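Fold and geometry: a report
Listed here are the chains, written in short residue letters.
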Amino acid sequence: MKIHNTLSNTLEEFKPINEDKVSIYVCGPTVYSYIHVGNARPLIVFDTLRRYLKYKGYDVDFVQNYTDIDDKMINRANQEGITVNELAAKYIQAYEKDAKELNVIPADSKPRATEHIGEIIKIIKSLEEKGYAYKTDDGVYFNTMAYENYGKLSGRKIEDMKSGARVAVDENKKAPSDFALWKSEKPGEPSWGSPWGKGRPGWHIECSAMSMKYLGETFDIHGGGTDLIFPHHENEIAQSEGATGKPFVNYWMHNGHININNQKMSKSLGNFFTIPEIAEKFDLEVLRFFMLGVHYRSQVNFSFELMEQANQALNRLYTAKLRWEGLAGEGKPSGEMEQLSQKTKNTFEENMDSDLNTAGALGALFEFVRSANFMLDNNPEAADAKLALSTLNELSGVLGILYRDMTVLPEEIKELAEKRVQARKDKNWALSDELRDKIIKMGYTVEDTAEGQKVKKK
RNA sequence: GGCGCCAUAGCCAAGCGGUAAGGCAGAGGUCUGCAAAAUCUCCAUCACCAGUUCGAUUCUGGUUGGCGCCUCCA
């Protein structure tokens, strides 16, 4: 499998440290608000990576943190009139609900920054001993000038940053690129004791502490959005490698951003949709499918029109699935279907092996649906619907789609459907059409077949 | 100012040296109640210019247009 590594900016053959085990760390959310569509992308991308690695036979150790202490947390907690801890609990819960609806497998470890203060202090101490950190009036800073490899991930030079700095240089810092490891206590803010006095950890150090605690000083894959490359990931490398003297991460993977009208979707620009907002209009599976339609490193423009397109495409897959489920009982071993199935898997894997090309893999899935349908139409006796179904299920499982149970209908819909069957018996077409439109309006589709009427979720 | 990325049909999107996957929309066929659903078929020479090559959408240089990072940000 080839993976694009931000460190080398090239496609590299993926070789895990342990032959059959892969360790992955993905930067999680700061839990001060609901996540938006952009935040959902790394969730979906790295969950799909995880699923695919499992499909390939690897054991995956997946860690995602929660940043539950920083300026935004404190401000928001004050605004809502609750403690930082209560705020974190509230939005972690919301996050996990969204993740579940996106069919994201819960991480093996979900560490919180505030529960790892001890580990954080240990790293800062070690950095201080090695001369990579210095103390100022408002905290402890990392000395980027002292770390020779600073900039190796983002390709930035400290000198360039000086000249291009858009923000006033902090007087306390030796260089503009230096960053806080520990922030001294301010009145009214949560704080913890440390060798440098009471205070709280800087943002970057948390991820170093938590990733190394759960995955070791060197691990396989670290993921996140492209915006994290600098400074966050650059700083993580400096701290971690500075403290341990060992390589921190072998493969850095970064997903592209979601745009709205060709502009980055972000909280600061205010042009974002939260996941709960999307969930009002679409099942979150549609969002997952939509994102899988584009390579994870590309930017994607988000719109409800595009979501509708994705919804239609997803429906096509569900239609095939439902149909094959109905036929599966009649499945007979078929060499032809076996061949088609194998060919599909090959194409699917080729694409996934090529830096997680989910769009290409999806293409293979759609082609499979068409070809298998063709076989089932032309020679249902010989075609193996059971095998078609299991292939579809296996591959869609890797992508984390087609997980909804479309056969369970609400009572309300059932009633309408029954009425419609009667109307059709009476040849009351006007009433039948009216009922059909009602059902469609409620998010379901109706299909008339030789055996009768089929109603399913849209 | 520094550093990157991108430009493929009405829309979305793979491919990245040998003559364009897939989806949505659209058109036509089958089926049907004149319908719907389902299903099948059809629908592009890859922003522009100049090079390299037997051959370029794919490589190089340039032009134009768009986006991102350099500040919290997925």
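Here's a quick rundown of the structure.

Procedures and definitions
Residues numbered from 1 in each chain as written. Chains lettered and ligands numbered in written order. Predicted model: local features only at pLDDT ≥ 70, side-chain atom pairs only at ≥ 80, totals over all residues. Heavy atoms only, no water. Pairing = 2+ DSSP bridges. Helix = DSSP H or I, 4+ residues; strand = E, 2+ residues; numbered from the N terminus. Axes fitted to C-alpha atoms, helices over the stretch in contact; angles between N-to-C directions. Expected span 1.5 Å × (residues − 1). Buried < 20%, exposed > 50% of the residue type's maximum accessible area, 1.4 Å probe, protein only. Contact = heavy atoms within 4.5 Å. Parallel < 35°, antiparallel > 145°, perpendicular 65-115°, else oblique. Nonpolar A, V, L, I, M, F, W, Y, C, P; charged D, E, K, R; others polar. Polar contact = N/O pair within 3.5 Å; in protein donor to acceptor, adjacent residues only side chain to side chain. Right-handed = clockwise from strand over helix to strand, strands pointing away. Near = heavy atom within 4 Å. Core = buried A, V, L, I, M, F, W, Y, C linked by side-chain atoms within 4.5 Å. Phe/Tyr/Trp six-rings, centres within 6.5 Å; stacked < 30°, edge-to-face > 60°. Lys NZ or Arg CZ within 6 Å of the ring centre and 35° of its normal.

This part covers the sheet that holds strand β9 (residues 219-225). With parallel pairing, four strands are arranged side by side in an open sheet as β4-β3-β9-β10. The strands lining the two open edges of the sheet, one partner per strand, are β4 (59-64) and β10 (249-255). Each adjacent strand pair in this sheet contributes to an overall mean axis angle of 20°, direction not counted. As defined by bridge partners, strand β3 (residues 21-26) adjoins β4 across six bridges and the pair is classed as parallel. Pairing of Val-22 across the sheet is with Val-60, part of β4.

Given a rise of 1.5 Å per residue, 21 residues ought to cover 30 Å, and the 30 Å separating the end C-alpha atoms of helix α12 (residues 358-378) matches this to within 8%. Buried within α12 are the following residues: Thr-358, Ala-361, Leu-362, Ala-364, Leu-365, Phe-366, Phe-368, Val-369, Ala-372, Asn-373, Met-375 and Leu-376. Structurally, α12 contributes buried residues whose contacts are with α1 (37-55), α9 (284-292), α10 (304-327), α11 (335-353) and α13 (385-399).

Moving on: the packing of helix α4 (residues 117-129) against helix α6 (residues 203-215). When two helices pack together, their arrangement is captured by the angle between the axes and the distance separating the axes. Packing of α4 against α6 brings their axes to within 9 Å, and their N-to-C directions diverge by 105°. Classified by the angle between their axes, α4 and α6 sit roughly perpendicular to one another. Every residue of α6 that contacts α4 at Glu-119, Ile-120, Ile-123 and Ile-124 is listed here: Ile-205, Glu-206, Ser-208, Ala-209, Met-212 and Lys-213. Looking at the contact of α4 with α6 residue by residue, the class counts come to six nonpolar, one polar and three charged.

If you trace the backbone, Ala-364 turns up in helix α12. Along the primary structure Ala-364 and Val-249 are separated by 115 residues, whereas in three dimensions their C-alpha atoms are 32 Å apart.

So, about the side chain of Glu-189. Mapped onto the secondary structure, Glu-189 falls in the loop between β7 (179-184) and β8 (199-201). Separated by 3.3 Å, the side chains of Glu-189 and Arg-200 make a polar contact.

In the case of a regular strand, side chains alternate between the two sheet surfaces. Judged from the four bridges that link them, strand β5 (residues 133-136) and strand β6 (residues 139-142) form a sheet pairing that is antiparallel. Bridge pairing in β6 places Ala-133 opposite Phe-142. Hairpin connection of β5 to β6: two residues between the antiparallel strands. Across four bridges, the pairing between β6 and β7 is antiparallel. Residue pairing for β7: Gly-139 is matched across the bridge by Lys-183.

Here the focus is the pairing of β9. Counting buried positions over the seven residues of β9 gives seven, a clear majority of the element. Sheet analysis places β3 next to β9, joined by three bridges and oriented parallel. From the neighbouring strand, Val-26 faces β9, where its bridge partner is Gly-223. At this point the chain moves from β9, through helix α7 (residues 229-244), to the parallel β10, and the crossover so formed is right-handed.

We now examine the protein's contact with RNA strand B. Around RNA strand B, the structure places 55 residues, and the nearest of them are Lys-72, Trp-203, Gly-225, Leu-228 and Lys-264. Within 4 Å of the protein, the contacting atoms of RNA strand B are drawn from sugar and phosphate to the extent of 64%. A distance of 2.6 Å is found between a base nitrogen of RNA strand B and a backbone nitrogen or oxygen belonging to Met-265. A distance of 3.5 Å separates a sugar or linking oxygen of RNA strand B from a polar atom in the side chain of Asp-377. Take the surface near RNA strand B: its biggest share by element is eight residues, from α12. For the surface near RNA strand B, a count of residues per class yields 14 nonpolar, 26 polar and 15 charged.

Among the nonpolar cores identified, the biggest contains 125 residues, and Leu-287, Phe-302 and Trp-324 are the most heavily contacted of them. If sequence neighbours within four positions are ignored, Phe-302 has contacts with Val-37, Ile-258, Asn-259, Ile-260, Met-265, Phe-273, Ile-278, Leu-287, Phe-290 and Met-307.

Moving on, we get to the packing of aromatic side chains. This model, assessed by the stated rule, comprises 22 aromatic pairs. With 5.3 Å between their ring centres and 80° between their planes, Phe-219 and Phe-248 make a pair best called edge-to-face. Of this pair, Phe-219 sits in strand β9 while Phe-248 is found in the loop between α7 and β10, placing the two residues 29 residues apart along the sequence. On the basis of an interplanar angle of 85° and a centroid distance of 5.7 Å, the ring pair of Trp-324 and Phe-368 is categorised as edge-to-face. Highlighted residues: Trp-324 in helix α10 and Phe-368 in helix α12, separated in sequence by 44 residues. With a relative accessible area of 0%, Trp-324 lands in the buried category. Overall, the relative accessible area of 1% leaves Phe-368 in the buried class. The rings of Phe-273, Phe-282, Phe-290, Phe-302 and Phe-304 are connected pair by pair, giving a single aromatic cluster. Here the guanidinium or amino end of Arg-156 rests over the ring plane of Phe-230, the centre of that ring lying 4.6 Å away.

With that settled, the discussion passes to unusual backbone geometry. Residues Phe-230 and Pro-231 are joined by a peptide bond in cis, for which omega reads 0°. Following the sequence through the fold, Pro-231 ends up in helix α7. In this structure, Asn-261 is a non-glycine residue whose phi angle is positive, near 50°. Of note, Leu-402 is a non-glycine position whose phi angle comes to about 65°, a positive value. Relative to the helices and strands, Leu-402 is located in the loop between α13 and α14 (411-425). On the accessibility criterion, Leu-402 (4% relative accessible area) is buried.

Function-wise, these values are silent; they only describe arrangement.
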